[in-house]
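So the chains spell out like this:
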Amino acid sequence: MDEASYQKVQIQWFPGHMTRAQREIRESMKLVDAVCELLDARIPASSRNPDIDALTGDKPRLLILNRCDLADPAVTARWRAHFRSAGLRVLETDAKSGKGVKELPQALREVLKDRLAARTEKGQGSRPMRAIILGIPNVGKSTLINRLAGRRAAVAGDKPGVTRGRQWIRIDRELELLDTPGILWPRFSSQAVGEALALTGAIKPEVFDTEALAANFLLRLRATRPELIEQRYKFTPDPSESGYALLERAARKRGMLISGGEPDLERMARTLLREYHEGKLGALSLETPESADSFD
Ligand code: G4P
């Protein structure tokens, strides 16, 4: 991450957005028994909201690593172990294809085990347990809710005023899910986090200088998975090359030239980012539990 500088770094989340999101989550907390925290499996640290503990208090929580189809399975396994050792129940999903989604009710039931048992003991077993999906923008919340809803009918909210406009989706006899997800703001703690969010679509890549973002991404790839550059862009990255030089070589290999035979860096940068977004570079995680140790 050496040479690329950003002229356009701008955060789209202003304090007003954050305050509103915070208020909405606090309102929702009054309605639910448990929380499903959705993360992008490629960037579990950067896609975590730093204030989630304070916001959700002691609500039982299920952590969902979504987009696991785009993440390196070996790295995801390490993340799973990392979160489990912190006492969290973890589920891996690909909400787009539906993989892992049918395990959600059972995982949620496990998270709520003690409360369900206490309720049965007190003879209060009639009301279903209620949960909400929380996550930063674009992490797959709506896709997951739609998957879970399937053809299931949504049941109307039963507290006018508080639940106006919201509905509960009946998952099974014991569980209901709020049909509106809670939107969390992403962390903006460093340039590396900003890049990770832009590369995975949580914030618009245009927020950054696209060429600089792509050049840094190539440096990251060369350091961690150089074979992916070779496979996709058909050249062996030299350890001494700058990120821009790598971008230039990729552009030349792809025949992306502008008049005068100069490489079209802007076009190549956009292509690279799109190909990562589409999974064409392969399953590629951007963070490991070890690399993210310094985040908190
Ligand atoms: P949000 O409610 O959290 O804001 O996110 P949303 O469900 O709208 O999902 C954002 C994008 O991510 C959607 O793509 C969706 O298809 C995709 N997506 C969600 N979950 C997964 C997953 O597990 N794997 C993959 N590969 N994609 C997932 P889109 O922007 O509508 O189009 P496109 O990105 O599919 O082209």
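Rules used throughout
- Residues numbered from 1 in each chain as written.
- Predicted model: local features only at pLDDT ≥ 70, side-chain atom pairs only at ≥ 80, totals over all residues.
- Heavy atoms only, no water.
- Buried < 20%, exposed > 50% of the residue type's maximum accessible area, 1.4 Å probe, protein only.
- Helix = DSSP H or I, 4+ residues; strand = E, 2+ residues; numbered from the N terminus.
- Pairing = 2+ DSSP bridges.
- Axes fitted to C-alpha atoms, helices over the stretch in contact; angles between N-to-C directions.
- Parallel < 35°, antiparallel > 145°, perpendicular 65-115°, else oblique.
- Contact = heavy atoms within 4.5 Å.
- Salt bridge = Lys/Arg side-chain N within 4 Å of Asp/Glu carboxyl O.
- Polar contact = N/O pair within 3.5 Å; in protein donor to acceptor, adjacent residues only side chain to side chain.
- Near = heavy atom within 4 Å.
- Areas by Shrake-Rupley, 256 points an atom, 1.4 Å probe, with all protein chains shown as cover.
- Core = buried A, V, L, I, M, F, W, Y, C linked by side-chain atoms within 4.5 Å.
- Domains from an automatic or database assignment.

Burial analysis of strand β1 (residues 34–40) places seven of its seven residues in the buried class, which makes it a mostly covered element. Side chains Ala34, Cys36, Leu38 and Asp40 of β1 all project onto a buried face; the interleaved residues Val35, Glu37 and Leu39 project onto the opposite face, where all are buried too. Taken together, the six bridges between β1 and strand β2 (residues 61–66) define a ladder with parallel strand orientation. By the bridge assignment for β2, Leu38 is matched with Ile64.

Looking now at the pairing of strand β4 (residues 129–135). A large share of β4 lies buried, amounting to seven of its seven residues. Residues of β4 alternate between two faces, with Met129, Ala131, Ile133 and Gly135 on one and Arg130, Ile132 and Leu134 on the opposite face, all of them buried. Sheet topology note: the β1/β4 ladder contains four bridges and is parallel. Residue pairing in the sheet places Ala34 in a bridge with Ala131 of β4. Two strands pair when backbone bridges link them, and β4 and strand β7 (residues 175–178) are joined in this way by three bridges, in the parallel orientation. Counted as the bridge partner of Met129 is Leu175 from β7. Inspection of the sheet shows β4 paired to strand β8 (residues 182–183) by two bridges, in the parallel sense. Bridge pairing in β8 places Leu134 opposite Gly182.

The next subject is the packing of helix α8 (residues 210–224) against helix α9 (residues 226–233). Between α8 and α9, the least distance of the axes is 5 Å, while the angle of their chain directions is 115°. Relative to α9, α8 is oriented roughly perpendicular. Each of Leu218, Leu221, Arg222 and Thr224 in α8 lies in contact with α9, whose residues at this interface are Pro226, Leu228 and Ile229.

Let's shift gears to the pattern of salt bridges. One pass over the full model with this rule turns up 25 salt bridges. A salt bridge links Arg220 to Glu195, with the shortest nitrogen-to-oxygen separation between them at 3.9 Å. Linking Arg220 in helix α8 with Glu195 in helix α7 (residues 191–199), this pair joins segments that are 25 residues apart in sequence. Residue classification places Arg220 among the buried positions, given a relative accessible area of 15%. By relative accessible area, which is 2% here, Glu195 ends up buried. Each of Glu37, Arg48, Asp53 and Arg61 takes part in salt bridges that share partners, so that together they form one network.

Mapped onto the fold, Arg61 is located in strand β2. For the pair Arg61 and Leu112, spaced 51 residues apart in the sequence, the C-alpha separation amounts to 8.6 Å. Arg61 has contacts with Val35, Glu37, Arg48, Ile52, Asp53, Thr56, Leu88, Arg89 and Val111, leaving out every residue within four places of it along the chain. Side chain to side chain, Arg61 and Asp53 meet in a polar contact 2.5 Å long.

The next subject is the environment of Glu211. Inspection of the secondary structure puts Glu211 in helix α8. Separated by 62 residues in sequence, Glu211 and Leu273 place their C-alpha atoms 9.8 Å apart. Leave out the neighbours within four places in its chain, and Glu211 touches Tyr244, Leu247, Leu265, Glu266 and Ala269.

Glancing now at the site of the ligand. Around the ligand, the structure places 15 residues, and the nearest of them are Asp69, Lys96, Lys141, Ser142 and Thr143. At 2.8 Å from a nitrogen atom of the ligand is found a side-chain nitrogen or oxygen belonging to Asp69. Here an oxygen atom of the ligand sits 2.5 Å away from a polar atom, N or O, in the side chain of Thr143. A total of 710 Å² of accessible area belongs to the ligand in isolation, and the protein chains cover 69% of it.

Judged by nonpolar contacts, the single largest core of 75 residues is most densely connected at Leu62, Leu108, Leu144 and Phe217. Of the residues that make up this core, three or more belong to each of domain 1 (16–179) and domain 2 (189–277). Residue contacts for Leu144: discarding those within four places in its chain leaves Leu38, Ile64, Ala95, Val101, Leu104 and Ile133.

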